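Notes for the structure review
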Amino acid sequence: MRSLDYIFKPRSIAVVGASRRIGSIGREILHNLIAFDYHGKVFPVNPKADFILSIKAFPTVSSIPDRVDLAIIVVPRDQVLGVVDDCGKKGVKGLLVITSGFSETGDEGRRIEQELDERVERYGMRMIGPNSMGIMNTDLAVHMDGTFAPTLPLVGRIGFLSQSGALGIAILNMARRLDIGFSFFVSMGNKANVSNNDLLEYWEDDLQTDLILMYLESFGNPRRFMPIARRISKHKPIVVVKSGRTLAGALAVSSHTGALVSRQGMDIAIDALLEQTGVIRVDTVQELFDLTLGFSKNPLPRGDRVGILTNAGGPAILATDAAIHLGLKVPKLSERTQAELRHLLPPEAAIHNPVDMTPIPDRSKYEACARLLLEDDEIDSLLVISVPPIMVSAMDIIMGIEGLRREFAKPILAVVMAPEDFFDALNDKFPGHMAIYHFPEPAVRTLAAMERHRQWRDEPLGSVKMFQVQTRAAEVLLAEVRREGRRQLTTPEALHLLECYGLPVAKSVAAASAGEVVERAKSLRYPVVLKAIAPDLVHKTEAGAVLTDIRTPEELDAAASRMGESVSRARSGQAETSAPLGFLVQEHVRGGREVIIGMLQDPSFGPLVMFGLGGVYVETLRDVVFRVPPLTDLDAEEMIRQIRGYQLLEGVRGEAPIDLKALAEILQRFSQMVQELPQVAEIDINPFMVFPTAGEFCAVDARVRLAEES
Ligand code: COA
């Protein structure tokens, strides 16, 4: 048995704190186990009762004469550790702790939870909770409802993980109404021992589970989530409802990257993570159910072409608009299909896609037309819309379409714009019926999500390339900055750091004083750019510390002495001016397109890589995309393609396209750098100049700030 099998496939369960008291959680759990016909042995444990719900009870777990795989603990918090010791003595390997009052309540609770987890580890157990609402496994061989939810689950092929117990109950209720069944339901509680990631891995090869739903409030370990979710979502869709969290104000940032992250909130990190792992994110529980219906009751489409069959114009227009907006196609039907439709329908019917049969088609018309659309090779999925006319029963129409589901391996979704009682009657009459929606938009959104998931599955995984770089030299450089008590690198230092990772930088030389500038710049081609360098000089443009387009050595000489004076004057008002002023002379890079490459460390998420259009307007345009490193080759290419200004990189009005492959490699090198140098808190490379030929690429300016020493 795998360790989590003791929890999810137990052969025997002790309910510790089982009670006769009506309305107590201990009684409800025991009752649900029996009511759902759990297929193993159940032992109520309660020192004060001989029998509970007519089953013999035991005073302690260790006094049970049989083996116990899982103990469900429903005793007051102060009793929990003692019960765990007793379970340890008995050799119990699985725990489900319902009791609350642990880390969710403050320091004292946190301390007890830590103690609880230590004991669980010491006894070699696994534990769900504490503060869990319970677990279910509907597999016929187990049939366990170990929750205190008032509704028993329907059997299905969906694994549901909920980080909120209360919401879990609501979801179970609603799922039953919608005829959605589960293979597993797990309320995770405080996740002291078994994490979301553990559970995902457990479901990876589970033969009862085809679709995974998650309600998340936080990401425990996003780095571990990434490879697991990426792997699983290639063969099982994962749909996540994640409530948003904003970071605004939480980080002290000094870079463009930081400012852009703060402004957009931490949601961008989560979006990036989910996008990179093929996980489908929805914003509401309603949307979660919409998608669940579509995914659980249909095969995936083979492409993006939707056929729409309707008896009313309005909803079909809404559906078409939504489809186009979401990147689906509503193509013309084949000549043959059109001819057959023409033959079948009255002259006023529309035989293009959407096919509008006009108001009063009966079941046989619906069925015949739907069949024609499904047979058409131009169509990958079918949306059937019915606004029930008075004389024809919507139920009848749905029955007709139901028959086609078995014949065609294409998704068929229905929209029935009928009163609520139609849906109630439907569940009674046809359990397991097709996915039916009240309105066109949610149905189309579901089809779009299914198609996106199909594309994700068909895409290769991509690979993370490791480059030969000078990590050691980079570390020495950073250690030197630290030794000087600084966190901000000077521009030459920052550019040198980039070079350690094979990121090209503009040709430049440093000079220690204004007098040396011309001599040092001899190897450069004019025009040049002059920058003043000092550790406390971060915003150089504002401090008058950058002069561009200097054409001759004479101009350079004059510029250097002028800049020396003006910057010294500006710095004289500052408290810390001890560091000597130096200069950087750089060849003036012209003709390229400006991009920004950035990184920000989030305390809980780790590094985030940013790419977008660069230059001085970066914070105004906000045309940037984020990803969580490590970046695969495909991640890097997609980042570039996803910015709004992508066309500018491809070239407009006859411009040559920039070398996108080379730019993707730059992003991967950058990703390697931020992974290998966790002591760096923020990086902005802005602008990074890109050209049609990779040989001309270069970073012109870079800011690097180290993390605070821990
Ligand atoms: N071994 C076995 N049984 C024990 C025990 C022990 N060491 N200590 C107490 N019990 C018995 C009690 O005698 C009682 O049985 P009784 O009704 O026959 O007297 C039963 O366990 C429950 O104890 P009680 O003191 O009545 O507690 P309670 O039922 O009021 O509350 C919890 C217990 C666990 C439900 C409560 O502490 C709790 O945590 N509630 C919140 C749970 C929750 O909502 N979790 C999910 C959040 S999403």
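Residues numbered from 1 in each chain as written. Predicted model: local features only at pLDDT ≥ 70, side-chain atom pairs only at ≥ 80, totals over all residues. Heavy atoms only, no water.

1. Some words on the packing of aromatic side chains
Throughout the structure, instances matching the rule amount to 9 aromatic pairs. With 5.9 Å between their ring centres and 75° between their planes, Phe-43 and Phe-58 make a pair best called edge-to-face. In this pair, Phe-43 is assigned in strand 2 (residues 41-45) and Phe-58 in the loop between strand 4 (55-56) and strand 5 (70-73), connecting sequence segments 15 residues apart. Phe-58 sits in the buried class, given a relative accessible area of 11%. One aromatic cluster is present, formed by Phe-8, Phe-184, Tyr-202 and Trp-203 through successive ring pairs. Sitting above the plane of the Phe-58 ring, Lys-56 keeps its charged end 4.9 Å from the centroid. (Phe/Tyr/Trp six-rings, centres within 6.5 Å; stacked < 30°, edge-to-face > 60°. Helix = DSSP H or I, 4+ residues; strand = E, 2+ residues; numbered from the N terminus. Buried < 20%, exposed > 50% of the residue type's maximum accessible area, 1.4 Å probe, protein only. Lys NZ or Arg CZ within 6 Å of the ring centre and 35° of its normal.)

2. Here we look at the sheet that holds strand 1 (residues 12-16)
Strand order in the open sheet formed by 5 strands is 2-1-5-6-7, with parallel pairing between adjacent strands. At either margin of the open sheet sits one strand with a lone partner, and together these are strand 2 and strand 7 (126-128). The average undirected angle you get between the axes of adjacent strands in this sheet is 20°. Here strand 6 (residues 94-97) runs beside strand 7; their pairing, made up of 3 bridges, is parallel. Note that in strand 7 the partner of Leu-96 across the bridge is Ile-128. Seen against the sheet, helix 3 (residues 77-90) touches strand 1, strand 5 and strand 6 and runs at an angle of roughly 170° to strand 5. (Pairing = 2+ DSSP bridges. Axes fitted to C-alpha atoms, helices over the stretch in contact; angles between N-to-C directions. Contact = heavy atoms within 4.5 Å.)

3. Quick notes on the site of the ligand
The environment of the ligand is formed by 21 residues, the closest being Ser-19, Arg-21, Asn-46, Ile-98 and Ser-100. At a separation of 2.9 Å, a nitrogen atom of the ligand approaches a polar backbone atom of Ile-98. Separating an oxygen atom of the ligand from a backbone N or O atom of Ser-100 is a distance of 2.8 Å. Starting from 960 Å² of accessible surface for the ligand in isolation, the protein chains cover 71%. (Near = heavy atom within 4 Å. Polar contact = N/O pair within 3.5 Å; in protein donor to acceptor, adjacent residues only side chain to side chain. Areas by Shrake-Rupley, 256 points an atom, 1.4 Å probe, with all protein chains shown as cover.)

4. Comments concerning the packing of helix 3 against helix 4 (residues 107-122)
Look at helix 3 against helix 4: their axes get within 10 Å of each other, and the N-to-C directions meet at 10°. Considering their axes alone, helix 3 and helix 4 lie roughly parallel with respect to each other. Here Arg-77, Val-80, Leu-81, Val-84 and Asp-85 of helix 3 lie close against helix 4, whose contacting residues are Glu-108, Gly-109, Ile-112, Glu-115, Leu-116 and Arg-119. Split into classes, the residues belonging to the contact of helix 3 with helix 4 amount to 5 nonpolar, 1 polar and 5 charged. (Parallel < 35°, antiparallel > 145°, perpendicular 65-115°, else oblique. Nonpolar A, V, L, I, M, F, W, Y, C, P; charged D, E, K, R; others polar.)

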